[in-house]
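Breakdown of the fold
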Amino acid sequence: MFQHVQPYAGDPIFALVDAFNADARPHKVNLSIGIYFDEQGRLPVLDSVRGAEALILAAGGAKPYLPMEGDARMRTEVQKLLLGAGHPAIAAQRVATIQGVGSSGGLKIGADFLRTWLPDSQVWVSDPTWDNHRSMFEGSGFVVNTYPYYDAASGGVRFEAMLQALRGLPARSIVLLHACCHNPTGVDLTREQWQALVPVLRERELLAYLDLAYQGFGDGIAEDAYAVRALADAGLTFFVANSFSKSMSVYGERCGALTAVCADAAEAALVLGQLRYTVRRVYSSPPLHAAQIVAHVLGDAELRGMWEGELAAMRERIAAMRRALHDRLVQRLPGRDFSYFLTQRGMFSYTGLSAAQVDRLREEHAVYLIRSGRICVAGLNLGNVERVAEAMAAVMSTR
C-alpha cells in the first residue's frame, strides 16, 4: 500500500539537535534551535507563567472544548498586545483574531484561508527566511517566490532592491514580512523603512502577512509591534501570526494566534467566519491550557508586570551575549568587522560563516549551528561564550 512513499530526509534543525544530544563531548554548545536558554543553559519557567497556572488550578472546573476560534479573553488580549489598547482598528471592530496552535498553526490556517479566497495569488518571502515558511505555503498549494532582503556584504537590508521587487508584483500578491527579530538573519527594517514600505503595499494592493514570533526580544513589547501598528494606522488589510512560545517560555503549550486587520467590521466578520471553518477542517479547536496561560498573564495587572520584567531580563541577557561574543572575536581577530553582531536584533545572528566552517565548528569544536551560519544567541552564556569565540576565530582564520 505505501511502498511508493518517499523517505523523509528529516528537518535539518531537529536533526542537529539529535546529533548534539548524542555528542558525548562535555564542552559541546548548542546554538542551532531557536529556544531561549538562561545563563545556566536551562529552559526557564517564568514566575508569571507559574502564577497563571496557579490561578488555573485554583479555579478548577471542567475542561471543555474551546470554540473553533479559541478563547475569547485570550483573543481580546492578543489584539491589545499587537495594536495597543484602544487602537481605532479594534474600536471599529475591523480586527479578527483566532487562537492558533502556536504561531505555526496561525501561519498554516492563514495560508489555507488565503489559498481558498485568493487562489490566483502567489507568495513572496524574504531571501533568506525561516525554512518552514516556504514549506507551509507550498503545502497549502501556493507558488512561493523570494524578494531581495539580506545583504551579505554590508550585513544590512537590500532595501531598495526589496522595494523594486515588490513594486513589480501583481496585485493581491502575498508578501511575508518579519515584523521584528528577523529569522534567520537578525536584520530588521528600520521604522523609516517600514514607512517607505507602506505606500508600496497600498499602491500595489499587496497583502502583507507579518510573522511576529519574537515580540519583546528586539527593543521592547510595544517597540517590536511597530510594523503591525504602522500598517493598521495606514488602513491596510493584512495578517499577523504571533507566538508566545519564546516570550513566555511555553514552547510545548503551543500558544499563538492569527490576526487579520480588515477594511471594516463587515469584512472582519466574514474573515473570522471562514477562519473558523478552516480551523474546523484542520484541528477543530485549539488548546485550552495555552489560552488560559496567555489570558491570565496578559490580562492580570500583577502577572502582566511580572512578565514584562522577565521578558526584559531575557532581552537584556541576549544583548549582553551579543556584546560578549563581539568583544571576544575582536580581540582574537583584530581588523575584522564584527559590528553586525551589535546591530542585529533578537535571538538570531548571521555569522558570515560558510557551510564548511560550520561543519568544522561541529566536528572539531563541538559547537553546533545550522549550515547557513545562523546562531541562536540565546544559547550563549558566560560559561561558553569564550569557547565559542575561540572556535569561531579558529575556523575564520584558516581556509
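Scroll up to find the structure this text is about.
To keep things clear, this report deals only with the structure shown in the data block. Model, not experiment: these values are computed from the prediction.

1. Concerning the nonpolar core
- If you look at the biggest cluster of nonpolar residues, it comprises 109 residues, and the most contacted ones within it are L210, F238, M248 and L325.
- Top contributing element to this core by residue count: helix α12 (residues 301-332), with 9 residues.
- Apart from residues no more than four positions distant in its own chain, L325 is found in contact with F341, I375, L380, V385, V388, A389 and M392.
- Counting residues in hydrophobic clusters, the runner-up holds 27 residues, among them I98, F142, C262 and A268.

2. Looking at the side chain of T185
- With respect to the helices, strands and loops of the structure, T185 is situated in the loop between β7 (174-178) and α8 (191-203).
- Separated by 2.9 Å, the side chains of T185 and H182 make a polar contact.
- Excluding residues that lie within four positions of it along the chain, T185 makes contacts with P128, Y149, Y150, Q344, F348, S349 and Y350.

3. Things to note about the packing of α12 against helix α15 (residues 385-396)
- Relative to each other, α12 and α15 sit at 45°, their axes nearing to 9 Å. One element, α12, and the other, α15, form an angle in the oblique class. Judged by the twist between their axes, the crossing of α12 over α15 is right-handed. Where α12 approaches α15, its residues A324, L325, R328, L329 and R332 are matched on the opposing element by V385, E386, V388, A389, E390, M392 and A393.
- Looking at the contact of α12 with α15, its residues break down into 8 nonpolar, no polar and 4 charged.

4. Describing the pairing of strand β4 (residues 144-148)
- When you tally the buried positions in β4, you get 4 out of 5 residues, the bulk of the element.
- With 5 bridges joining them, strand β3 (residues 123-127) and β4 adopt parallel strand pairing. Residue pairing across strands places V123 opposite V144, the latter belonging to β4.
- Since β3 and β4 lie parallel, the crossover through helix α6 (residues 131-139) that links them has a hand, and here it is right-handed.

5. What about helix α7 (residues 159-167)?
- Those residues of α7 lying buried are F159, M162, L163 and L166. Along the axis of α7, the buried positions cluster into a sector of 95°, meaning they face one direction only. More than 90 degrees from the buried face of α7, the exposed residues found are E160 and Q164.
- Buried residues in α7 make contact with β4, β6 (156-157), β7 and α8.

6. Observations concerning the pattern of salt bridges
- What the rule picks out here adds up to 15 salt bridges.
- Across the pair R332 and E386 runs a salt bridge whose closest N-O atoms are separated by 2.7 Å. Here the residue R332 occupies a position in helix α12, and E386 occupies one in helix α15, the gap between them amounting to 54 residues.
- Judged by its relative accessible area of 37%, E386 falls in the partly exposed class.
- In this structure, the salt-bridge partner of D359 is R371, at a minimum N-O distance of 2.7 Å. You can see D359 sitting in helix α14 (residues 355-365) and its partner R371 sitting in the loop between β12 (367-368) and β13 (374-376), a full 12 residues away along the chain.
- What makes D359 buried here is its relative accessible area of 15%.
- A residue is classified by how much of its surface remains accessible, and R371, at 49% relative accessible area, is partly exposed.
- What you see here is one network of salt bridges that share partners, running through D359, R362, E363 and R371.

7. So, the packing of helix α3 (residues 72-83) against helix α9 (residues 226-233)
- The N-to-C vectors of α3 and α9 enclose an angle of 90°; their axes lie 8 Å apart at closest approach. Here α3 lies roughly perpendicular to α9, going by the angle between them. The residues of α9 that touch α3, namely those facing K80, L81, L82 and L83, are V228, R229 and A232.
- Of the residues that constitute the contact of α3 with α9, the class distribution is 5 nonpolar, no polar and 2 charged.

8. Some remarks on a nonpolar patch on the surface
- Taken together, the side chains of M1, F2 and V5 define a hydrophobic patch exposed on the protein surface, amounting to about 420 Å² of accessible area.
- Considering the arrangement of structural elements, one finds F2 in the segment before α1 (12-22).

9. Digging into unusual backbone geometry
- Looking along the chain, the bond that leaves D127 and enters P128 is cis, with omega of 5°.
- Considering the arrangement of structural elements, one finds P128 in the loop between β3 and α6.
- Geometrically, the link from N183 to P184 is a cis peptide bond, its omega value of 25° lying close to zero.
- One non-glycine residue, E205, adopts positive backbone phi at about 55°.
- Its identity is not glycine, yet S249 carries a phi of approximately 55°, on the positive side.
- Within the secondary structure layout, S249 lies in the loop between β9 (238-243) and β10 (255-261).

10. Overview of the sheet that holds β7
- Spatially, β2-β10-β9-β8-β7-β3-β4 is the arrangement adopted by the 7 strands of the open sheet, whose pairing is mixed. The open sheet has two free edges, formed respectively by β2 (95-101) and β4, since each of these has just one partner strand. When the angles between neighbouring strand axes are averaged without regard to direction, this sheet yields 25°.
- Strand contacts of α6: β3, β4, β7 and β8 (207-212), with the helix running at about 145° to β4, the strand carrying the most contacts.

The rules we used
Residues numbered from 1 in each chain as written. Predicted model: local features only at pLDDT ≥ 70, side-chain atom pairs only at ≥ 80, totals over all residues. Heavy atoms only, no water. Core = buried A, V, L, I, M, F, W, Y, C linked by side-chain atoms within 4.5 Å. Buried < 20%, exposed > 50% of the residue type's maximum accessible area, 1.4 Å probe, protein only. Helix = DSSP H or I, 4+ residues; strand = E, 2+ residues; numbered from the N terminus. Contact = heavy atoms within 4.5 Å. Polar contact = N/O pair within 3.5 Å; in protein donor to acceptor, adjacent residues only side chain to side chain. Axes fitted to C-alpha atoms, helices over the stretch in contact; angles between N-to-C directions. Parallel < 35°, antiparallel > 145°, perpendicular 65-115°, else oblique. Left-handed = near helix turned anticlockwise from the far one by under 90°. Nonpolar A, V, L, I, M, F, W, Y, C, P; charged D, E, K, R; others polar. Pairing = 2+ DSSP bridges. Right-handed = clockwise from strand over helix to strand, strands pointing away. Arc of directions from axis to C-beta. Salt bridge = Lys/Arg side-chain N within 4 Å of Asp/Glu carboxyl O. Patch = residues over 30% accessible without salt bridge, like charges linked within 9 Å, V, L, I, M, F, W, Y side chains within 5 Å. Areas by Shrake-Rupley, 256 points an atom, 1.4 Å probe, with all protein chains shown as cover.

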